[in-house]
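# Remarks on the overall topology
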Amino acid sequence: MTDFTVNNTLEAQTLEWIATQQSVMVQNLWTLASINSGSYNVEGVNKVADTLALWSKVLDCELEYIPMPPHEVVDDFGNRNQKPLGQALRLFKRPQAPTQVFLCAHMDTVFPIDHPFQTITQLDEDTINGPGVADLKGGIVVMLKALEAFERSSLQEKLGWEILFNPDEEIGSPSSSALFGNIAKRHHLGLIYEPSFADGNLAGARKGSGNFAVVTKGKAAHAGREHHIGRNALRVMADFTSALDDLNGQQQGITINPGFIQGGGAVNIVPDTCTMRFNIRIEHSKQQAWCEAQIAIILATINAKDGITIELHGGFGRAPKVLSPANETLCKLVQSCGESLGLALEFLPTGGCCDGNNLAAAGLPNIDTLGVQGGKIHSSDEYMVLSSLTTRSQLSALILLRLAQSNDLAWLKREGMESMPC
Ligand SMILES: [Zn+2]
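The residue numbering used here restarts from 1 in each chain and proceeds along that chain's sequence as written. Only residues with pLDDT of 70 or above have their local features reported here, since the model is predicted, and side-chain atom pairs are shown and tallied only from 80 upward, although totals for entire chains, interfaces and linings are computed over all residues. Hydrogens and waters are ignored; side-chain quantities use all the structure's heavy atoms.

### Details of the pattern of salt bridges
By definition here, a salt bridge exists when the distance from a side-chain nitrogen of Lys or Arg to a carboxyl oxygen of Asp or Glu is within 4 Å. Under the definition given, this model contains 17 salt bridges. Between arginine 402 and glutamate 11 there is a salt bridge whose closest N-O contact spans 3.0 Å. With arginine 402 in helix α10 (residues 388–405) and glutamate 11 in helix α1 (residues 9–19), this residue pair connects regions lying 391 residues apart in the sequence. The pair formed by arginine 402 and glutamate 11 is uniform in burial state, with each residue classed as buried. Aspartate 355 is the salt-bridge partner of arginine 318, the closest N and O atoms lying 3.1 Å from each other. Pair noted here: arginine 318 is in strand β16 (residues 309–318) and aspartate 355 is in helix α9 (residues 355–361), with a separation of 37 residues, a long-range link. The pair arginine 318 / aspartate 355 is uniform in exposure class, with both members buried. Through salt bridges that share partners, Glu64, Arg90, Glu162 and Arg186 make up one connected network. Secondary structure is summarised from DSSP: a helix means a run of H or I of at least four residues, a strand means a run of E of at least two, and numbering begins at the N terminus for each. Exposure categories follow from relative accessible area, calculated using a 1.4 Å probe and restricted to protein chains: below 20% of the type maximum is buried, above 50% is exposed, and the middle band is partly exposed.

Spelled out as structure tokens, the structure:
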């Protein structure tokens, strides 16, 4: 009846049940992806949370909404603003069970409410295009179905779980990342539902990342009559940007990308303000200090000039994800679950980052690309493979079942875990 190479009938029955759920999953994905939930669309993000709260009834779990502090951003004119964020939603069940698993998925997308990309299109029988269908609403559907399948099994008492649906991942989890430190202490491992790579493989090590804004202030003056008393904020920013960009290539694995610049207005006025944004990626955490020191030197040189100020905002929000021995073992467990499903899964390093970085930095081994198979994320060509809803739910369900069946999780035991019988 089954072609799964599984350990026992319990696994086979669970996987077969998931296969009967494909059309429900497609319908749920359509519902979620039809709600605009750009990171700053508070109403939309909260609507996703309410929908998930409703769907969670089938899991018969505890539920908590967590208000998030606003995100402080520097606008394009160099002013600080507080942008409100949607609420996080936390679901949990059996916090006293011997094995504790943390599951995480973000509700926000990179597409704001006024972005032209708002609708879902069927590309072919097995592929759809739509905002957030891969990143990460497909993953939410996968996660919930895998848990539902697990809860139907006779092993549920062996394993407790906690889900965090966060509202701000696409802007670097500025508010929700504060929750990860405590969460990491309560769990043996983390499962995160970012999409897999387009070829179906999963992410292993990840680079760390920082987002920064820099504002230069000079002095406005008439470009003809009093040019000499002006202090040109654009020129200062050009100096800063050149010096910053020259740091590229000085250390293996560090990339610095000035990505946005705005300043000035009419060309007969010496511009007094300029704003620039940049991103840095690093391979090792010690590279963060090197970058910060180099930038401090450039800033000090510019600040020493007469009538000019330069101010830096932002910082490194995500530490590099380096795979610990426990994380390597977890990867092998996931690979063996994949093999049972006929999936040959490789773990590949990537320059991209996600909440898996923050969890790894907090000491929690995690797999962060357990969502659907898809690609071209963060663009209007974002697509996902519909049949991966079933295969990836089966993968996650199998991971949960094998964790629950395992008598030896000593490899996941860590220093500093709170009340974690192993
Ligand atoms: Zn994502």
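### Describing the coordination of the zinc ion
Only His106 (NE2), Asp135 (OD), Glu194 (OE) and Glu194 (OE) from the protein reach the zinc ion as donors, at distances of 1.8 to 2.8 Å. A donor here means an N, O or S atom no more than 2.8 Å from the metal, or no more than 3.2 Å when the metal is Na, K or Ca. Since water is not included, a site may seem to lack partners. For four-coordinate sites, all angles between 85 and 135 degrees define a tetrahedron; for four- and six-coordinate sites, opposite donors beyond 155 degrees with the remaining angles between 65 and 115 define square planar and octahedral shapes respectively, and all other cases count as irregular. Coordination at the zinc ion is irregular: its 4 donor atoms span angles of 51 to 141 degrees at the metal. Counting residues between consecutive donors of the zinc ion along the chain gives the motif H-x28-D-x58-E. Within this pair, whereas aspartate 135 is found in helix α4 (residues 133–151), its partner glutamate 194 is found in the loop between β9 (189–192) and β10 (202–206), the two being separated by 59 residues in sequence. With respect to class, aspartate 135 is no different from glutamate 194; both count as buried.

### Points about the domain arrangement of the protein
Residue ranges for the domains originate in an automatic or database domain assignment. Partitioning the protein into structural domains gives domain 1 (9–205 + 321–412) and domain 2 (208–318). Relative to domain 2, the C-alpha centre of domain 1 lies at a distance of 36 Å. Residue contacts are defined here by distance: any two heavy atoms, one from each residue, within 4.5 Å place the two residues in contact. If you look at the interface, domain 1 gives 17 residues, while domain 2 gives 15 residues. What gets called buried area is simply the loss in accessible area from a 1.4 Å probe that two parts show on being joined, summed for both. Summing both partners gives a buried area of about 1200 Å² for domain 1 against domain 2, and 42% of it is carried by carbon and sulfur. On the domain 1 side of the contact with domain 2, Val74, Asp76 and Cys353 bury the most area, a combined 44% of that side's loss.

### Things to note about the packing of α1 against α10
When two helices pack together, you describe them by how their axes are tilted relative to each other and by the distance separating the axes. Angular values range over 0 to 180 degrees, each being the angle between N-to-C directions of two axes fitted as lines to C-alpha atoms, with helices fitted over their stretch in contact. Contact geometry for α1 and α10: axes closest at 9 Å, N-to-C directions at 155 degrees. Judged on the interaxial angle alone, α10 and α1 are roughly antiparallel. Here α1 and α10 pass one another in a crossing that is right-handed. For the pair α1 and α10, the contacting residues are Leu10, Glu11, Thr14, Leu15, Ile18 and Ala19 in the first and Thr390, Ser393, Gln394, Ala397, Leu398, Leu401, Arg402 and Gln405 in the second. Of the residues contributing to the contact of α1 with α10, the split by class is 7 nonpolar, 5 polar and 2 charged. Just so you know how the angles are binned, under 35 degrees is roughly parallel, over 145 roughly antiparallel, 65 to 115 roughly perpendicular, and the rest oblique. By convention, the crossing between two helices is left-handed when the near helix turns anticlockwise from the far helix through less than a right angle, and right-handed when the turn is clockwise. Under the scheme applied here, ten amino acids are nonpolar (Ala, Val, Leu, Ile, Met, Phe, Trp, Tyr, Cys and Pro), four are charged (Asp, Glu, Lys and Arg), and all others, including Gly, are polar.

### Examining the environment of aspartate 75
Tracing the sequence through the fold places aspartate 75 in the loop between β2 (71–74) and β3 (80–83). Judged by its relative accessible area of 18%, aspartate 75 is buried. In sequence terms aspartate 75 and threonine 9 are 66 residues apart; their C-alpha atoms lie 57 Å from each other. For aspartate 75, the residues in contact, after removing those within four places along its chain, are Asn81, Thr275 and Arg277. In protein, a polar contact requires one atom able to donate a hydrogen and another able to accept it; more generally it is a pair of N or O atoms within 3.5 Å, and residues adjacent in sequence count only if both atoms are side-chain atoms. Among the polar contacts made by the side chain of aspartate 75, one reaches the side chain of asparagine 81 at a distance of 3.3 Å.

### Side note on the pairing of strand β8 (residues 159–166)
Each regular strand displays side chains that alternate between the two surfaces of the sheet. Of all 8 residues in β8, 8 are buried, a share of seventy percent or more. Here β8 shows no split at all, with Leu159, Trp161, Ile163 and Phe165 on one side and Gly160, Glu162, Leu164 and Asn166 on the other all buried. With 5 bridges connecting them, strand β4 (residues 88–93) and β8 associate as antiparallel partners. Across the sheet, residue leucine 89 finds its bridge partner in β8, namely phenylalanine 165. Following DSSP output, two strands are said to pair if at least two bridges run between them. Inspection of the sheet shows strand β5 (residues 99–106) paired to β8 by 8 bridges, in the parallel sense. Note on β8: the bridge partner recorded for valine 101 is tryptophan 161.

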